[in-house]
Amino acid sequence: MAQDKLNIGIILGSTRQGRVSPQVGEWVKGIADKRGDANYEIVDITEYKLPFLGEGTGDEPGLQAWNQKLASLDGFVFIVQEYNHSITGALKNALDSARDVWYNKAAGIVSYGSTGGARAAEHLRGICGELKIADVRTHPTLSLFTDFVNFSEFKPAELHLQNVNTMLEEVVTWSGALKTVR
Ligand SMILES: Cc1cc2nc3c(=O)[nH]c(=O)nc-3n(C[C@H](O)[C@H](O)[C@H](O)COP(=O)(O)O)c2cc1C
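So, here is what we can say about the structure in this document. (Residues numbered from 1 in each chain as written. Predicted model: local features only at pLDDT ≥ 70, side-chain atom pairs only at ≥ 80, totals over all residues. Heavy atoms only, no water.)

A few points about the overall build of the protein chain
Keep this limit in mind: Each helix is a run of H or I in the DSSP string that is no shorter than four residues. Each strand is a run of E no shorter than two, and both are numbered from the N terminus. Three exposure classes are used, based on accessible area relative to the maximum for each residue type with a 1.4 Å probe and protein chains only: buried under 20%, partly exposed in between, and exposed over 50%.
Check the secondary structure of the protein chain and you find five helices and eight strands. Order of helices (α) and strands (β) in the protein chain, N terminus to C terminus: β-α-β-α-β-α-β-α-β-β-β-β-α. Principal axes of the C-alpha set define a box for the protein chain whose edges measure 45 × 40 × 30 Å. Split into buried and exposed, the 182 residues of the protein chain put 52% on the buried side.

Some remarks on the nonpolar core
The condition is simple: The criterion is simple. A nonpolar core is a set of buried Ala, Val, Leu, Ile, Met, Phe, Trp, Tyr and Cys residues joined through side-chain atoms within 4.5 Å. The contact criterion used throughout is that any non-hydrogen atoms of two residues lie within 4.5 Å.
Counting residues in hydrophobic clusters, the biggest one holds 28 residues, and the most contacted among them are Ile11, Trp66, Leu70, Phe76, Phe78, Leu95 and Trp102. Secondary structure elements with two or more residues in this core: helix H2 (61-71), strand E3 (75-81), helix H3 (89-96), strand E4 (105-113) and helix H4 (118-130). Here the element with the most residues in this core is H4; it accounts for five residues. Contact partners of leucine 70, with chain neighbours within four places excluded, come to Ile11, Phe76, Ala98, Val101, Trp102 and Lys105. Grouped together as the second largest cluster of nonpolar side chains are 25 residues, Val20, Val77, Tyr112 and Val136 included.

Quick word on the packing of aromatic side chains
The condition is simple: Note on aromatic pairs: the rings of Phe, Tyr and Trp (six-membered ring only in Trp) are paired at centre separations within 6.5 Å, and the planes decide the class, stacked below 30 degrees, edge-to-face beyond 60, tilted for the rest.
Scanning the model with the defined rule gives nine aromatic pairs in all. Measuring from ring centre to ring centre gives 5.9 Å for phenylalanine 78 and tryptophan 102, while their planes differ by 40°; the resulting arrangement is tilted. You can see phenylalanine 78 sitting in strand E3 and its partner tryptophan 102 sitting in the loop between H3 and E4, a full 24 residues away along the chain. What makes phenylalanine 78 buried here is its relative accessible area of 0%. Ring geometry for phenylalanine 148 and phenylalanine 154: centres 4.9 Å apart, planes at 40°, overall tilted. As far as the burial class goes, phenylalanine 148 and phenylalanine 154 line up, both buried.

Considering the packing of helix H1 (residues 21-35) against helix H5 (residues 160-179)
Test applied: Only C-alpha atoms enter the line fits that serve as axes; for helices the fit covers just the stretch in contact. Angles between N-to-C directions range over 0 to 180 degrees. The sense of a crossing depends on the near helix, which, turned anticlockwise from the far helix by less than a right angle, makes the crossing left-handed and, turned clockwise, makes it right-handed. Polarity classes work like this: nonpolar for Ala, Val, Leu, Ile, Met, Phe, Trp, Tyr, Cys and Pro, charged for Asp, Glu, Lys and Arg, and polar for all others, with Gly in that last group.
Between H1 and H5, the least distance of the axes is 10 Å, while the angle of their chain directions is 65°. Along this stretch, H1 crosses H5, giving a crossing that reads as right-handed. Contacts from Trp27, Ile31, Ala32 and Arg35 of H1 reach H5 at His160, Leu161, Val164, Asn165, Leu168 and Glu169. Of the residues belonging to the contact of H1 with H5, the class tally is six nonpolar, two polar and two charged.

Given below as structure tokens:
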């Protein structure tokens, strides 16, 4: 990784078998890597095997690794899917499983669902406020009906490209600014 660049994690919000979030995350990463303005990496919650908050010992290696990973990042792009008009339980648990390593960093949101995942994304914005994460305005919203084939094969419409780039521009700018206050 280039030392002088910001580190931005693209966090996959879903963990279920058969999830489509890896396809969406890789698409965002492909666009991001072409920009060359930051180090972008996929961060997959499933790899950390986080205990449900309060049910573990607090000493689980995955919990520590999760906090270390977040500490190494300057900003985030959340890949958000709508479950019952909100974010997934897995993402909420991952958000709850760290605290000050989220603080004073920026985030963008890419969401999907029947209405572009907009309701889930708005819930996430409220959580970001509490975790001192500055969520940027530009928010690509992907439709399960028009950006996926059979709700499972991701085929994004061309029009989203500009929005993703604008969102990334905002995330990198704000991540750089917030680094100076940490
Ligand atoms: C438990 C559950 C609840 C869902 N609720 C909604 C919903 O409220 N609104 C919506 O637009 N889609 C809803 N969906 C559809 C998901 O957005 C869709 O299955 C999406 O692909 C899930 O993301 P994933 O494949 O990354 O897990 C729901 C799916 C699941 C599994």
